[in-house]
Amino acid sequence: MTFHEVYGGEPDGVWAAPGRVNLIGEHTDYNDGFVLPLALPHTTRVHAARRDDGVLRLHSADSGAQTGDGVVRLRVDELEPAGAAGWAAYPAGVVWALRTAGLPVGGADLHFESTVPTGAGLSSSAALEVSTALALNDLHGLGQDPAGLARLCQRAENDFVGVPCGIMDQMASACCTEGHALFLDARELTWRQVPFDLAAEGLKLLVMDTRVKHELGEGEYAKRRAGCEEGARQLGVPALRDVPYERLDEELTRIATPEVRGLVRHIVSENRRVEDVIRLLDAGDTRGIGTVLTDGHASVRDDFRISCDELDLVVETANAAGALGARMTGGGFGGSAIVLVEDALTDKVTEAVDAAFDAAGYRRPRVFPALPGRGAHAE
Ligand code: GAF
């Protein structure tokens, strides 16, 4: 359905925000650490019209079975945390966060369509939030910069939807640029665009979406976050970012519980891996990052314990078939892995993963290249 078919009339404009893959730096964002995501060419687009009567209407072309006309109708001055369900909670939460920050959002008609796979660990929620925020920023002249909008989107997800995520996904969707990865310091909210042109080097970064999403995911994310905070408390630092890698072994002896020890070891070593990848990319050694990616996978699998059999199978099989490196990406418990591979080996590696999935009785992953796209923009 089009905006016109849903609401009558025409939108004032169209805004788009991408999903992302994270190259390295997993669960480091809420530990004040480093991340290195890149935007995908897959976007959520919102066709939007300004309203000034306090009414917010939301419709998604992708929301599947709908009751009635599928339009969610809300009043901007009545929005309360948890006051909307399903996909509509994300855009409603953004309106709530903007208004809570004192910004004059008077209402809007929004119609969404998205090519970002959902449930794949590729930040479809952040794409929904950031496209909404950018549209409202322009329509109501709010004057916020992309990073400011990203923070408000995170607040929407934390406090309205109730998901305790970090800032990486919203920043990636808002601030990435084409042909680059975004090296983000999640404490300072400063970043650098790092050139990431794999085609020029005869390489590909494949996304392998396992199309599984294990149910325990959301509760486990919150538990990992609480465990990291407990680790920082036991070590007497504001955040695990503040534990120096050089002193890691010594610091680990001060932590009583093995689970928390594993969380701390992952976060501290993962921050170091982000810095290692940056150093290699700056030196022009893109192939060299492969082993760092695979080390990162071992760390999330064994120490942070957020991988699953399907993701481990992608990583093991891809590497055995000649990939330069591979790891799961995103929150974990399903979703996608990334595989760095020579162009010439793309088919061989993909076929090996397909065969391994067939043999294990799993549905084959959906595979596509991660071509670093642009961040959120008006079309
Ligand atoms: C999810 C969260 F939304 C991010 O903030 C980040 O913590 C990520 O999991 C793990 O790196 O995507």
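Keep in mind that this is a model prediction, so the values were computed, not measured.

Caption draft 1: Representation of the overall build of the protein chain within the structure. When its secondary structure is counted, the protein chain shows 11 helices and 13 strands. Expressed as lengths along the three principal axes of its C-alpha atoms, the size of the protein chain is roughly 60 × 50 × 40 Å. The buried share among the 379 residues of the protein chain stands at 50%. Restricting the contact set of the protein chain to residue pairs at least 6 apart, pairs at least 24 apart contribute 71%.

Caption draft 2: View of the sheet that holds strand β12 (residues 366–369). Reading across from one edge, β10-β11-β9-β12 is the order of the four strands in this open sheet, with antiparallel pairing throughout. Two strands in the sheet have a free side with no partner beyond their single neighbour: β10 (325–328) and β12. Averaged over all adjacent pairs, the angle separating strand axes in this sheet is 20 degrees, with direction ignored. As defined by bridge partners, strand β9 (residues 203–213) adjoins β12 across four bridges and the pair is classed as antiparallel. Residue pairing in the sheet places D209 in a bridge with R366 of β12.

Caption draft 3: Spotlight on the site of the ligand. The environment of the ligand is made up of N22, E26, H27, D29, Y30, C165, G166, M168, D169, G330 and G331. Residue composition of the shell around the ligand, by class: three nonpolar, five polar and three charged.

Caption draft 4: Structural detail: the environment of W87. Summarising the element assignment, W87 is placed in the loop between β5 (72–75) and α2 (89–100). Residue classification places W87 among the buried positions, given that 20 C-beta atoms sit within 10 Å. Sequence separation of W87 and L152 is 65 residues, and the distance between their C-alpha atoms is 17 Å. Beyond its immediate chain neighbours, meaning those up to four positions away, W87 contacts S60, S63 and L128.

Caption draft 5: Structural detail: the sheet that holds strand β13 (residues 377–378). Overall, mixed pairing links the six strands, which are arranged β5-β4-β6-β3-β1-β13 in an open sheet. In this open sheet, the two edge strands, each paired with only one partner strand, are β5 and β13. Summarising the sheet, strand β4 (residues 55–60) and β5 pair through four bridges and their orientation is antiparallel. Bridge pairing in β5 places V55 opposite R75. Those strands touched by α2 are β4, β5 and β6 (108–114), and its axis lies near 150 degrees from that of β4. Contacting β1 (13–22), β3 (37–50), β6 and β13, helix α3 (residues 124–139) runs over the sheet at an angle of about 150 degrees to β1.

Caption draft 6: Structural view of the domain arrangement of the protein chain. Each domain of the protein chain was delimited in the assignment, giving domain 1 (3–194) and domain 2 (196–369). Computed from C-alpha atoms alone, the centre-to-centre distance between domain 1 and domain 2 is 26 Å. Contacts between domain 1 and domain 2 engage 29 residues on the former and 34 residues on the latter. Broken down by secondary-structure element, the contributors of at least two residues to the side of domain 1 that touches domain 2 are β1, β2 (34–35) and β7 (180–185). Per-element tally for the side of domain 1 that touches domain 2: the top contributor is β7, with three residues. Looking at the side of domain 1 that touches domain 2 residue by residue, the classes come out as 16 nonpolar, 10 polar and three charged.

Caption draft 7: Quick look at the packing of helix α10 (residues 309–320) against helix α11 (residues 346–360). Two elements in contact, α10 and α11, have axes whose closest approach is 9 Å; the angle formed by their N-to-C orientations is 135 degrees. Between α10 and α11, the angle falls in the class oblique. The two elements α10 and α11 cross, and the hand of that crossing is right-handed. Along its contact with α10, which presents L313, V314, T317 and A318, the element α11 presents V349, A352, V353, A356, F357 and A360. By residue class, the composition of the contact of α10 with α11 is nine nonpolar, one polar and no charged.

Caption draft 8: Representation of helix α8 (residues 258–282) in the model. In this model, α8 (25 residues) spans 36 Å end to end at C-alpha, consistent with the 36 Å of a helix rising 1.5 Å per residue. G284, located one to two residues past α8, shows a positive phi value of around 80 degrees.

Caption draft 9: Region of interest: α10. Helix length check: α10 (12 residues) gives 16 Å between terminal C-alpha atoms against 16 Å at 1.5 Å per residue, within 8%. Along α10, the residues that are buried comprise E310, L311, L313, V314, V315, T317, A318 and N319. In the core, the buried residues of α10 are packed alongside β9, α9 (289–302), β10, β11 (334–342) and α11. Downstream of α10 by a residue or two, G322 has a phi angle that is positive, lying close to 110 degrees.

Caption draft 10: Structural context of the environment of R20. Along the polypeptide, R20 turns up in strand β1. Here the alpha-carbon distance between R20 and A108, two residues 88 residues apart in the chain, equals 27 Å. Discounting residues that sit within four places of it in the chain, R20 has contacts with P37, L38, A39, L40, L122, S123, D169, A172, S173 and C176.

Caption draft 11: Structural detail: unusual backbone geometry. A positive phi angle, near 55 degrees, is found at L189, a position not held by glycine. In this structure, L189 sits in the loop between β7 and β8 (190–195). You will see that R305, though not glycine, has its phi angle at about 55 degrees, which is positive. Within the secondary structure layout, R305 lies in the loop between α9 and α10. On the basis of neighbour count, R305 is assigned to the partly exposed category, with 15 C-beta atoms found within 10 Å.

Conventions we followed
Per chain, the residues get numbers from 1 upward, laid out in the order the sequence is written. Restriction of local features to residues with pLDDT of at least 70 applies here, the model being predicted, together with a cutoff of 80 or more for giving and counting side-chain atom pairs; totals for whole chains, interfaces and linings are based on all residues. A run of H or I in DSSP counts as a helix once it spans at least four residues, and a run of E counts as a strand once it spans at least two, with each numbered from the N terminus. Working definition of burial: number of other C-beta atoms within 10 Å of the residue's own, with buried at 20 or more, exposed at 12 or fewer, and partly exposed in between, all C-beta atoms being placed from the backbone. Two residues form a contact once the distance between their C-beta atoms, set from the backbone, is within 7 Å. Here, any two strands with at least 2 DSSP bridges between them count as paired. For helices, the fitted axis covers only the stretch in contact; all axes are lines through C-alpha atoms, and the angles between them, taken along N-to-C directions, range from 0 to 180 degrees. Each residue receives a C-beta atom placed from its backbone. It is near a molecule or strand if this atom lies within 6 Å of it. Residues are grouped as follows: nonpolar covers Ala, Val, Leu, Ile, Met, Phe, Trp, Tyr, Cys and Pro; charged covers Asp, Glu, Lys and Arg; every other residue, Gly included, is treated as polar. Domain segmentation is taken from an automatic or database assignment of domains. Angular relationships are summarised with four words: roughly parallel below 35 degrees, roughly antiparallel beyond 145, roughly perpendicular across 65 to 115, and oblique for the angles in between. Crossings are assigned a handedness: left-handed for a near helix turned anticlockwise from the far helix by less than a right angle, right-handed for a clockwise turn. The span you would expect from a helix comes to 1.5 Å times its residue count less one.

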